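Here are the chains, one letter per residue:
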Amino acid sequence: MAVKKLERYKMRGLINKDKLILIAFLFTFISFWFLLPDYAINTISLSFCNGLVILGLLLLMRAGLISFGHGMYYCLGGYAVAMTYNFLQIKEVFVLIAFSILAGFIVSFFLGFFVRRFRGIFFAMLNLALSMILFGIIVKSVSLGSTDGFGIKDLTYFSHIIEDEKRLNIFSYLLIVLLTGLMMMIVMNFLKSPSGKMLEAIRENEIRSSYLGISINKQIHKIYIFSSTLAALGGGLMVILIGHITPEDTAYWTRSGEFVFVAILSGSLNVFAPLIGSLFFEFIRSYALFYFPNTWQMIIGVVLILGILYLPEGIGSIFNKRKK
Amino acid sequence: MASIPFIILDSLVYASWLFMVASGLTLIYGVMKVLNVAHGSLYAFGAYANAWLIGWYFNNYSEFEALSFLFIPISALVIGIILGVLIEKFFLRKIYFRDEIVVVLVTYGLFLIFEDVMKLIFGTTSYLPYQPRMLLGNINVFSIPYVVYDLAIIGIAAFIWFLFNFIIKYTKIGKLLLSVINDREMSSALGINVNKFFIYTFTFGCLLGCLGGAVSAPMISVVPGIGVEVIVLAFAVVVTGGLGSVTGAAIGALFIGLARTIAIFYAPQLELFIVFFVMAIILSFKPEGLFGSKEVRKI
């Protein structure tokens, strides 16, 4: 009987290979909590937070777009958490995260009307400009914390106070891993839905797809909101993990450049790639910082160039098309 | 409103500086469709080379102070040609056929590498090569005392703009370049060596970037990280003016220079914000930039 039931679920698409892999993936990472030392867990959690941004970029890459300013939403989500905590005295983690998602959603909804008209390099650069506007506003206004940013302290999980010296505890780790898993599941399902399949059509040929009845701008607006909200969630989780946010670490264009870097190297073929790419990047960066504190940027640059020159398959299919 | 002459002068100087940095970037994009992030490092390299040379010269020789002006073109030429040829030959040539964004990322990787190379070569202490700027002294413009060196920058920028237009309109190289810009494949079929044009253009663009750095070295303190700020400003100028248009870059630089100077005079906290705000406003009315050409949609 049990086998038959399983078959039926498989038929209805409730269970498939990707979902099983995802569940295994999450279990592996949860079990790492008990196996790995603290610093490794910290790096893993951070790379999951950043991985959410890369996941958002993956959605845009599916439609052939890339944003050089996703740090803006990362920053917005983080500031939403930090400012709600500091100004409204809300300490409940789930409320804070809801605020970060809301911030990303609202801002990207309105900016989307503007951004969706652009493609290619203009889309990338316009996003860069928007993120630099946000950076400029935050750095120059004292009420927003200027370059110091904000810090947060104790948090509550379902009004259960965790007074831990360390930001990283089993609760925050589980929260990050499970939320990331949930988002991966959502993105996975979205990519299989008609809307998700449309993205590839748009990437391959925009004009033909519009003749087939796809409203291109609407689709791009939709995924822009989707990906920005993911980035905002990543920023919110990052603040919960690290406990501090500054504009230089989030909204400045070099940060967005890093995100694009990881996104390009991990490719847009499946939803695991962003997380793996992000993990890889964070570990390279922390080791490079540790062993070569003066030349870590150089190492990252070398990895980036070597990756692009010699690993074009890892870059995903969209970037292999030849220029006319 | 007594400050209006100040604003106009300041914004002209700032716009000229912006144009010097942005012209190379827009030239390279116009011909090669490469948005060169490493342009920021070239600016910084030029600034460092000039600052180092000036410091070395004034430490060892005290006569012939005017000779220090020679270091500006020397450092720009040496660094620009070496780095330009290196980058084009060993990196860009391998990825021309890839997507524009990938090319941007390769130059971003180069930018990261150069940042650390500069720290290794020149150290992290700041250089203050103020001597050339002091030499020229001050002048009264509309009864405002102004530094002559800064005013000279306006002249240099105007000369660069003139040079571009002259080359493109009145020389054979310019006409050939126009054909390369319009259709790469067709021009190579007609016997134009496109690769040669690419390497010359890229080197010339890099040289302009270095020149921008070398010229502005006496006005600033040369510290690690100056390239980072410059490149985003240059991007804003180039995108506002229309990618690939030199006149566009000049007009964009004027717009942004004026907006920024007004902001500095009346609301200094908006300084960084206003640059990108102007860009966003202009792009929302003209998505391809002020002088950009609309892309033809091919099915």
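Computed from a predicted structure; not experimentally measured. (Residues numbered from 1 in each chain as written. Chains lettered and ligands numbered in written order. Predicted model: local features only at pLDDT ≥ 70, side-chain atom pairs only at ≥ 80, totals over all residues. Heavy atoms only, no water.)

1. Considerations on the overall build of chain A
For the record, the criterion: Put simply, DSSP H or I for four residues or longer makes a helix, DSSP E for two residues or longer makes a strand, and each gets a number counted from the N terminus. Exposure categories follow from relative accessible area, calculated using a 1.4 Å probe and restricted to protein chains: below 20% of the type maximum is buried, above 50% is exposed, and the middle band is partly exposed. Whether two residues are in contact is decided by their heavy atoms, any of which lying within 4.5 Å being enough. To be clear on the numbers: accessible area is Shrake-Rupley with a 1.4 Å probe, and residue cover counts the displayed protein chains and nothing else. Only four residue types enter the charge count: Lys and Arg as positive, Asp and Glu as negative, with His and the chain ends excluded. In plain terms, the charge of a residue is placed at NZ if it is Lys, CZ if Arg, CG if Asp and CD if Glu.
In terms of helices and strands, chain A carries 14 helices and four strands. Expressed as lengths along the three principal axes of its C-alpha atoms, the size of chain A is roughly 60 × 55 × 40 Å. A total of 324 residues make up chain A; the buried ones form 56% of that total. Considering only contacts within chain A whose residues lie at least 6 apart along the sequence, 79% involve residues at least 24 apart. Entry remark: accessible area of chain A is about 14,300 Å², with carbon and sulfur atoms responsible for 67%. For chain A, the distance from the average position of its 28 positive side-chain charges to the average position of its 17 negative side-chain charges is 15 Å.

2. Examining the interface of chain A and chain B
Just so we agree on the cut-off: Throughout, the accessible surface (probe 1.4 Å) given up by two parts as they are put together, summed over both, is called the buried area. Should a side-chain nitrogen of Lys or Arg be within 4 Å of a carboxyl oxygen of Asp or Glu, the pair is scored as a salt bridge. Three classes are used: nonpolar for Ala, Val, Leu, Ile, Met, Phe, Trp, Tyr, Cys and Pro, charged for Asp, Glu, Lys and Arg, and polar for all others, with Gly counted as polar.
Taken together, the 51 residues of chain A in the interface contact 52 residues of chain B. Of the roughly 4,600 Å² buried where chain A meets chain B, counting both sides, 76% is carbon and sulfur surface. Between chain A and chain B we count one salt bridge in total. Where B:Glu271 meets A:Lys140, a salt bridge forms, and the shortest distance between an N and an O atom there is 3.6 Å. For the side of chain A that touches chain B, the secondary-structure elements that each account for two or more residues are helix 6 (120-140), helix 9 (206-211), helix 12 (253-266) and helix 14 (296-310) of chain A. When its residues are assigned to classes, the side of chain A that touches chain B shows 34 nonpolar, eight polar and nine charged.

3. Section: a nonpolar patch on the surface
The criterion, for reference: Residues qualify for a patch when their relative accessible area is over 30% and they have no salt bridge, like charges being joined within 9 Å and the nonpolar side chains of Val, Leu, Ile, Met, Phe, Trp and Tyr within 5 Å.
Together, B:Phe64, B:Leu67, B:Leu70, B:Ile74, B:Leu77, B:Val78, B:Ile81, B:Ile82, B:Val85, B:Leu86 and B:Phe90 make up an exposed nonpolar region whose accessible area comes to about 980 Å². Inspection of the secondary structure puts B:Phe90 in helix 3 (residues 71-90).

4. As for the confidence of the model for chain A
Do not read the predicted coordinates in detail wherever pLDDT is low. Put simply, the rule is: pLDDT gives the predictor's per-residue confidence on a scale running from 0 to 100.
Per-residue confidence for chain A gives a mean pLDDT of 84; residues scoring 70 or more make up 91%. Every residue in residues 315-324 of chain A scores below 50 in pLDDT, and together they form 34 contacts with partners more than four places removed in sequence or on other chains.

5. With respect to the packing of helix 7 (residues 170-192) of chain A against helix 10 (residues 216-242) of chain A
Residues and elements named next belong to chain A. Worth spelling out the cut-off: Axis definition: a line fit to C-alpha positions, over the contact stretch in the case of helices; interaxial angles, taken between N-to-C directions, run 0 to 180 degrees. Here the word oblique covers every angle except those under 35 degrees (roughly parallel), over 145 (roughly antiparallel) and from 65 to 115 (roughly perpendicular).
Orientation of helix 7 relative to helix 10, taken along the N-to-C sense of each, is 170 degrees, at an axis distance of 11 Å. Classified by the angle their axes make, helix 7 and helix 10 are roughly antiparallel. The residues of helix 10 that touch helix 7, namely those facing Leu 175, Ile 176, Leu 179, Met 183, Ile 186, Val 187 and Phe 190, are Ile 223, Phe 226, Leu 230, Leu 233, Leu 237 and Leu 241. Tallied by class, residues from the contact of helix 7 with helix 10 come to 13 nonpolar, no polar and no charged.

6. Re unusual backbone geometry
In this structure, A:Gln89 takes a positive phi of about 60 degrees despite not being glycine. Of note, the phi angle at B:Lys33 is positive, near 60 degrees, even though the residue is not glycine. Checked against the element boundaries, B:Lys33 lands in the loop between helix 1 (4-32) and helix 2 (39-60). Residue B:Lys33 is classed as partly exposed on the basis of its relative accessible area of 29%.

7. Points about the pattern of salt bridges
Residues and elements named next belong to chain A. Under the defined criterion, the tally for this structure stands at twelve salt bridges over all chains. The salt bridge involving Glu 258 is made with Arg 255; its shortest N-O contact spans 3.9 Å. With a gap of three residues between them, Glu 258 and Arg 255 both fall in helix 12, about one helical turn apart. For Glu 258, a relative accessible area of 14% gives the class buried. We note a salt bridge from Glu 258 to Arg 285, for which the minimum N-O separation is 3.1 Å. Taken together, the residues span a long stretch of sequence, with Glu 258 in helix 12 and Arg 285 in helix 13 (residues 272-291) at a distance of 27 residues. On the basis of relative accessibility, which here comes to 11%, the residue Arg 285 falls in the buried class. Linked through salt bridges whose partners overlap, the residues forming this network are Arg 255, Glu 258, Glu 282 and Arg 285.

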